[in-house]
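As a plain string of letters, each chain reads:
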Amino acid sequence: MNQDSAIKYIYYSIFGFVALAFIIKLFLLQIPDNAYKQFANMYAIRRVVKYPARGNILDRKGNLMVSNEYAYDLLMIPAEAKPIDTLELCRLVDIEKSEFIKITSQVWARIKERKMSKTQAVPIAKDLSKEYFSTIQEKMYKFPGYFLDKKPLRKYPKPIAAHILGYVGEVDTTITNKNPYYQPGDYIGISGIEKAYEEALRGRKGVKKVFVDVHNNEKGSFMNGMYDTASVQGENLTTTLDMELQEYGEILMRNKKGAIVAIEPKTGEVLAMISSPTYDPNQMVGRNKRKFYPGLLLDKTKPLYNRAIMDGYPPGSTFKVMEALIGQQEGVLFPNTVHPCGGGYRISATHRVGCHAHPNADLRYSIQTSCNAYYCAVFNSIVKKYKTAREGYNVWRNYVLKFGFGQNFPDSDIPNIKKGNVPTSDFYDKRYGKGGWRALTIISLGIGQGELQANALQIANLACIVANRGYYITPHVGKKIGDRDLAAEGHFQKHETGIDDKYFDIVIEGMYGAVNVPGGTALVGKLNHIVICGKTGTAQNPHGKDHSVFMAYAPRENPQIAIGILVENAGFGATWAAPIASLMIEKYLTDTITRPALEKRMMEGNLITQ
Amino acid sequence: MSSRNQSIIGNLDGWLMAGYLFLVFFGWINIYSSSYSEEHSSIFDFSAEQGKQFIWICISLGLGFFLFLFDTKFFQAFSFFIYGAVLVSLVLVLIFGQTVAGNKSWFVITSSIKIQPSEFAKFATALVLARIMGDNKFSFTPGISSGNQFKFLGIPFHITKDGMLAIILVLIPAALILMENDTGTTLVFLSFFLAFFRFGLNWIFFITGVISIIVFFTSILYPVGFVLAILALLGLIAFGSMRNLIGGWKIIVLLLLFFTGLTLAVKPIYNHVLKEHHRKRIMVLLGQEKDMKGSGWNVNNSKMAIGSGGVLGKGFLKGSLTKLKYVPKQHTDFIFSTVGEEWGFVGSTVLILIYLFFIMRLVAAAERQRSMFNKVYGYMVACIMFFHFFMNIGTAVGLAPAVGIPLPLVSYGGSSLMGFTLLIWVFLKLDSQNLQILR
Ligand SMILES: [Zn+2]
């Protein structure tokens, strides 16, 4: 037994020996001033986020519309920041000393409240251009704890298409709370194409952990890059836009308020989307944004507003084309139907919808001459076909929705399209009481007025439907991501309106007449070598001069382009909208302008200051 | 009832109790430090490791006091049952378990509650070994009558059949855990052999074990012929001078056959049975390769963090490398790197000394047991604790191969804490009733 219990000392020896070995090893690791110790004092590990450049945006012909340019942020690491010549630093990066003090004191306050870590880099000055960089870089040694961080910013070779391209900006907390990918300070597409194709364009940011010495020089990657994630380059996006047409449209629309949308009918590809007044997209980038954005925001002409897809305007007489199609489909209207027009349409003893002087019209002529009385009668007969006004109205409204009005094309890649307004029967029930309204009560809908609201995109889409004789493809702006063809992948659907092919002949004939036959409302838009079919309109404006509306497509056979255009306060559709659309069509189809005088008049026209 | 409770408290080993509480508490605050982040800045943040560990500590203390309600006879009587149940759960985990960090050793109950049966296998094995080795007739060494001697191919070994049974009872759970791909915990079962030494297991088994390890590694590095030549030489020496000591020429021949077979088998095993990461780990251990992505890096970074601690350390919650999560697994297998960085040489040494004291106290307590069952069990607990201590801190300071096992009571992990609480508190219970056993 004694010998047995003596064995415990062998155990004690083994345990003691191991503990001693550990203590000696610890001593060697911790006490002498060795590499292990120096390492921790000399180096810091910094988490560096590598932002890949956003993908370029190209037009349909491969021309560069949006690319990138590098800019620099001045960052501070609070834990490493030493007292510096603040004034010199502020002068170098072009900020006020008071601003610098404000930023840094906020940072220290947050650190004190334990809301952020002292080792986290905070931006002091952002978006410094290359010119700043070269002068600052050589003086950075004077500012320990500060360093410059490179990042790509958007650059627009041509100052066009600001609205549809959209812009990129810093994420706010609503985004960072929703999507963990984004960290405060990250950039995201805020509007337009930049928003719609954010994920493809942005690529994926990478995170790299690097050792940095006291001068903030990178000293190699941390753990051999074990925790790094590689950044993935953003993909290039080819749009359906035609840069030249876009630019031409913007020139034509200078000093006018309004919008143009041009679409390739058989594909639904948006060729141009112009909203005027516009702004130089470069003004929304980096430091420019701070300079120009407040002004753009306050501008009474609302240059930031994309009028092409807004709610705003009654579609006016362009609606009559659709009215003619619905009437035929419903079997209440035939090519030889004649509705009398004595200069207007009598609603009641005291009220009538006015019209201009012209001979009594059949269907074709009613379009060509845009007779109000005729379409009041057509609307009346469509609604009256059914037992109640409500039932008839709902039938009519369903057609209108199928034509793309009152809806925002949910499968489109254009963000923030407004629905416009096609009132529901409930709306009229509420306004006039149940059963308190008839077709005549709401007769102005028949000529595209009243509560109706539509935008240039929807009007251009109506032109597409006529050009396609009954259907449209969802209007869209994305063509290819990298090499992937978006349409081929089935992103954009074909929508049938339910109007039979045969009913289009007479309507197209009328639209042909409107532009090409003497007496037509849009004769000013006639081209000798290209057959344009079109329809004018005037959107009533209770606040001032009426808006000029026009829709068209060309050529008549095998249509290549459909256009919807609205010019605010321009009066009758033929005066401004039709000539501009005609010039756009000529530019797109032939690339030459045969009517320089008309072009000059349109370009120089100023409808804003009047 | 109350008088009985008083006697229990009165006989409780205060030093062991204090040691247990200190290690658990010290572990907890280091887990807090190593898991600390801006989002999880409270020690009671139950979504972070520190908060979860607090819950596990509460549960473990509850478990400990619960164990005190049992009579010591319970553990003796149910040892085979507990052992069997653990074996069943080890088999079940192989079938239904989930793989966490490469080990198929977890029952996942919820995403935050996972149970690792292998942590309880140590307890069950210790218990069952105490049961059979605690028998008065048990002995590793065959007596003169030798009716109990283990024989193989008619050759008498330096071990009894009972002794052989004890070894097999260790090997079964070890093999199952090895199949779970958990090499670290498998190696822990070697600690039972360390305890066997106290109870008379012949030293030839240790020699055989050590030579086997040497043969294994040298066969990987050097040509088979060279290793066999060395073995032959050793055999001749043994034959010439130590024949009687070893137990006759038959044993020597058998041992030589065994080593020759092992030598021939090593290369095929190394190349075909072991996985790439095993091979890599062996190469790193042998100094043939620097593994800068896997365990080699972990050890390197752990040494960096410890080294940066200096004499007094950077202070609680002030370890910059700890904060950066510089050392992987720093709240589990590498918790000692946090201790080293934040508490420095002084703090680390104190922890090592307290650990050493705790294990030595376990041995001392085991020695004073009147019951053989208690004594065997106490040694098992001490040896398991020591093995973990040796491998864990050894890994963190770069003195032992990185096998990835926790530092008992200190590292983060519910299963581990519960497993060691079971081990230790059952012994505390046994010890508290020691004096009631009549000699
Ligand atoms: Zn008329």
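Model, not experiment: these values are computed from the prediction.

### Brief notes about the overall build of chain B
Per the secondary structure count, chain B includes 19 helices and five strands. Within chain B, the proportion of its 439 residues that are buried is 52%.

### Focus on the overall build of chain A
Of regular secondary structure, chain A possesses 20 helices and 21 strands. Summarising the internal contacts of chain A: among those between residues at least 6 apart in sequence, 71% fall at separations of at least 24. Total accessible area on chain A is roughly 26600 Å²; 52% of this is exposed by carbon and sulfur atoms.

### Quick look at the sheet that holds strand 11 (residues 258-264) of chain A
Strand pairing in a sheet relies on backbone hydrogen bonds. The paired strands run either parallel or antiparallel. All names here are of chain A. With antiparallel pairing, the five strands of this open sheet are ordered in space as 12-11-21-20-19. Two strands close off the open sheet at either side, each with one partner strand: strand 12 (269-276) and strand 19 (533-539). Averaged over neighbouring strand pairs, the angle between their axes works out to 10° when direction is ignored. Note: strand 11 against strand 21 (residues 561-567), six bridges, orientation antiparallel.

### Describing empty space enclosed by the protein
Unoccupied space between atoms shows up once a probe the size of one water molecule is rolled over them. All chains considered together, the criterion is met by one cavity of 30 Å³ or more. Computed from the structure, the largest cavity encloses a volume of approximately 30 Å³. Residue composition of the lining of the largest cavity, by class: three nonpolar, three polar and one charged.

### Topic: the pattern of salt bridges
Under the counting rule described, the total for this entry stands at 34 salt bridges over all chains. The partner of Lys600(A) in a salt bridge is Glu604(A), and the shortest N-O contact between them spans 3.5 Å. Highlighted residues: Lys600(A) and Glu604(A), both in helix 20 (residues 596-604), separated by four residues, approximately one helical turn. We note that Lys600(A), like Glu604(A), is exposed. One salt bridge connects Asp13(B) with Arg368(B), and the closest N-O pair in it is separated by 2.8 Å. A residue pair is termed long-range when its members are at least 10 positions apart, and Asp13(B) in the loop between helix 1 (2-11) and helix 2 (14-35) and Arg368(B) in the loop between helix 17 (335-367) and helix 18 (372-397) qualify at 355 residues.

### Concerning the packing of helix 6 (residues 118-133) of chain B against helix 19 (residues 414-432) of chain B
Residue and element names in this part refer to chain B. Where helix 6 contacts helix 19, the two axes come as close as 7 Å, and the packing angle between them is 15°. One way to sum up the angle between helix 6 and helix 19 is to call them roughly parallel. As for how helix 6 packs across helix 19, the hand of that crossing is left-handed. Across the interface between the two elements, Glu119, Phe120, Lys122, Phe123 and Ala126 from helix 6 touch Ser415, Ser416, Met418, Gly419, Phe420, Leu422, Leu423 and Val426 from helix 19.

### A few points about the side chain of His358(A)
In this structure, His358(A) sits in the loop between strand 14 (352-354) and helix 13 (363-369). His358(A) has contacts with Cys341(A), Tyr365(A), Thr369(A) and Cys371(A), leaving out every residue within four places of it along the chain.

### Some details on the environment of Gly84(B)
All names here are of chain B. Checked against the element boundaries, Gly84 lands in helix 5 (residues 79-96). Taking the relative accessible area as the measure of exposure, Gly84 reaches 27% and is therefore partly exposed. In sequence terms Gly84 and Thr125 are 41 residues apart; their C-alpha atoms lie 9.6 Å from each other.

### Thoughts on the nonpolar core
Of all hydrophobic cores here, the largest spans 115 residues; its most connected members are Leu129(B), Met133(B), Phe196(B), Phe336(B), Tyr377(B), Phe389(B) and Ile424(B). Counting residues per element, this core draws most heavily on helix 18 of chain B, at 17 residues. For this core, the two domains that each supply at least three residues are domain 1 (1-69 + 297-439) and domain 2 (71-201) of chain B. Beyond its immediate chain neighbours, meaning those up to four positions away, Phe389(B) contacts Val18(A), Ala19(A), Phe22(A), Ile352(B), Tyr355(B), Ile359(B), Gly394(B), Leu407(B) and Pro408(B). Formed by 104 residues, the second largest nonpolar core is a distinct cluster that contains Met65(A), Phe319(A), Ala454(A) and Ile473(A).

### Structural notes on the packing of aromatic side chains
Enumeration over the complete set of coordinates arrives at 52 aromatic pairs over all chains. Ring centres of Phe44(B) and Phe54(B) lie 5.0 Å apart, and the angle between their planes is 85°; on these two criteria the pair is classed as edge-to-face. Pair noted here: Phe44(B) is in the loop between helix 2 and helix 3 (49-67) and Phe54(B) is in helix 3, with a separation of ten residues, a long-range link. For Phe44(B), a relative accessible area of 42% gives the class partly exposed. Relative to Phe390(B), the ring of Phe386(B) lies with its centre 6.1 Å away and its plane at 10°, an arrangement referred to as stacked. Of the two residues, Phe386(B) and Phe390(B) are both situated in helix 18; the distance of four residues between them amounts to about one turn of the helix. Every member of this aromatic cluster is reached through a ring pair, and the members are Tyr11(A), Phe15(A), Phe22(A), Phe199(B), Tyr355(B), Tyr379(B), Phe386(B), Phe389(B) and Phe390(B).

### A closer look at the pairing of strand 3 (residues 64-76) of chain A
All names here are of chain A. Taken together, the two bridges between strand 2 (residues 57-58) and strand 3 define a ladder with antiparallel strand orientation. Bridge pairing in strand 3 links Leu58 to Leu64. Hairpin connection between strand 2 and strand 3: a loop of five residues separates the two successive antiparallel strands, and Gly62 in this loop has a positive phi of roughly 90°. Judged from the ten bridges that link them, strand 3 and strand 5 (residues 146-155) form a sheet pairing that is antiparallel. Bridging from a neighbouring strand, Leu74 pairs with Leu148 of strand 5. In terms of strand pairing, strand 3 meets strand 4 (residues 122-128) through four bridges, oriented antiparallel. For Leu75, the partnering residue across the bridge sits in strand 4 and is Pro123.

### Examining helix 7 (residues 161-179) of chain B
All names here are of chain B. Relative to the 27 Å expected for 19 residues at 1.5 Å per residue, helix 7 spans 27 Å between its end C-alpha atoms, a close match to the ideal helical length. Listing the buried residues of helix 7 in full gives Gly163, Ala166, Ile167, Leu169, Val170, Pro173, Ala174, Leu176 and Ile177. Among the residues trailing helix 7, Asn181 stands out with phi positive, at a value near 75°.

### Description of a nonpolar patch on the surface
Residue and element names in this part refer to chain B. On the surface, a cluster of nonpolar side chains totalling about 710 Å² of accessible area is made up of Leu221, Tyr222, Phe226, Ile230, Leu233, Leu234, Ile237 and Met242. Sort the elements by how many residues they give to the nonpolar patch and helix 11 (residues 224-241) lands first, with five residues. Structurally, the position occupied by Ile230 is in helix 11.

### Here we look at helix 13 (residues 249-273) of chain B
Over its 25 residues, helix 13 of chain B runs 33 Å from end to end, which matches the ideal 36 Å to within 8%, given 1.5 Å per residue. Along its length, helix 13 of chain B shows its largest kink, about 35°, at Ala265(B), and proline Pro268(B) lies within four residues downstream of that point.

### Describing the packing of helix 9 (residues 190-198) of chain B against helix 18 of chain B
Residues and elements named next belong to chain B. For the pair helix 9 and helix 18, interaxial distance at closest approach is 8 Å and the crossing angle is 135°. One element, helix 9, and the other, helix 18, form an angle in the oblique class. Seen along the crossing, helix 9 lies across helix 18 with a hand that is right-handed. Contacts between helix 9 and helix 18 involve Leu190, Ser191, Phe192, Leu194, Ala195, Phe196 and Arg198 from the first element and Lys375, Tyr379, Met380, Cys383, Ile384, Phe386 and Phe387 from the second.

### Here's the deal with unusual backbone geometry
Residue and element names in this part refer to chain A. Here the amide bond leading from Ser276 into Pro277 is cis, since omega sits at 0°, within 30 degrees of zero. By the secondary structure assignment, Pro277 is in the loop between strand 12 and helix 11 (286-298). Looking along the chain, the bond that leaves Ala554 and enters Pro555 is cis, with omega of -15°. Inspection of the secondary structure assignment puts Pro555 in the loop between strand 20 (547-554) and strand 21. One non-glycine residue, Asp127, lies in positive phi territory at about 55°. For Asp127, the location among the structural elements is in strand 4. By relative accessible area, which is 10% here, Asp127 ends up buried. Residues other than glycine seldom take positive phi values, yet Asn558 does so here, at roughly 50°. Within the secondary structure, Asn558 is located in the loop between strand 20 and strand 21. Accessibility expressed as a relative area gives 54% for Asn558, which makes it exposed.

### What about the confidence of the model for chain B?
Residue and element names in this part refer to chain B. On average, residues of chain B score 83 in pLDDT, and 85% of them are at 70 or above. Across residues 1-6 the pLDDT falls below 50, and counting only partners more than four positions away or on other chains, this stretch makes two contacts in the model. Model confidence for the complex is summarised by a pTM of 0.60, with the ipTM given as 0.89.

### Thoughts on the environment of Leu23(B)
Along the chain, Leu23(B) turns up in helix 2. Apart from residues lying up to four places away in sequence, Leu23(B) is in contact with Leu351(B), Ile354(B), Tyr355(B), Phe358(B), Leu409(B) and Val410(B).

About the criteria used
Residues numbered from 1 in each chain as written. Chains lettered and ligands numbered in written order. Predicted model: local features only at pLDDT ≥ 70, side-chain atom pairs only at ≥ 80, totals over all residues. Heavy atoms only, no water. Helix = DSSP H or I, 4+ residues; strand = E, 2+ residues; numbered from the N terminus. Buried < 20%, exposed > 50% of the residue type's maximum accessible area, 1.4 Å probe, protein only. Contact = heavy atoms within 4.5 Å. Areas by Shrake-Rupley, 256 points an atom, 1.4 Å probe, with all protein chains shown as cover. Pairing = 2+ DSSP bridges. Axes fitted to C-alpha atoms, helices over the stretch in contact; angles between N-to-C directions. 1 Å grid on protein atoms, 1.4 Å probe; cavity = no way out; pocket = protein on both sides within 12 Å on 5 of 7 lines; lining within 4 Å. Points joined across faces, edges and corners; volume = space filled by probe spheres on them. Nonpolar A, V, L, I, M, F, W, Y, C, P; charged D, E, K, R; others polar. Salt bridge = Lys/Arg side-chain N within 4 Å of Asp/Glu carboxyl O. Parallel < 35°, antiparallel > 145°, perpendicular 65-115°, else oblique. Left-handed = near helix turned anticlockwise from the far one by under 90°. Core = buried A, V, L, I, M, F, W, Y, C linked by side-chain atoms within 4.5 Å. Domains from an automatic or database assignment. Phe/Tyr/Trp six-rings, centres within 6.5 Å; stacked < 30°, edge-to-face > 60°. Expected span 1.5 Å × (residues − 1). Patch = residues over 30% accessible without salt bridge, like charges linked within 9 Å, V, L, I, M, F, W, Y side chains within 5 Å. Bend = angle between axes of the 7 residues up to and from the residue. pLDDT = per-residue confidence, 0-100.

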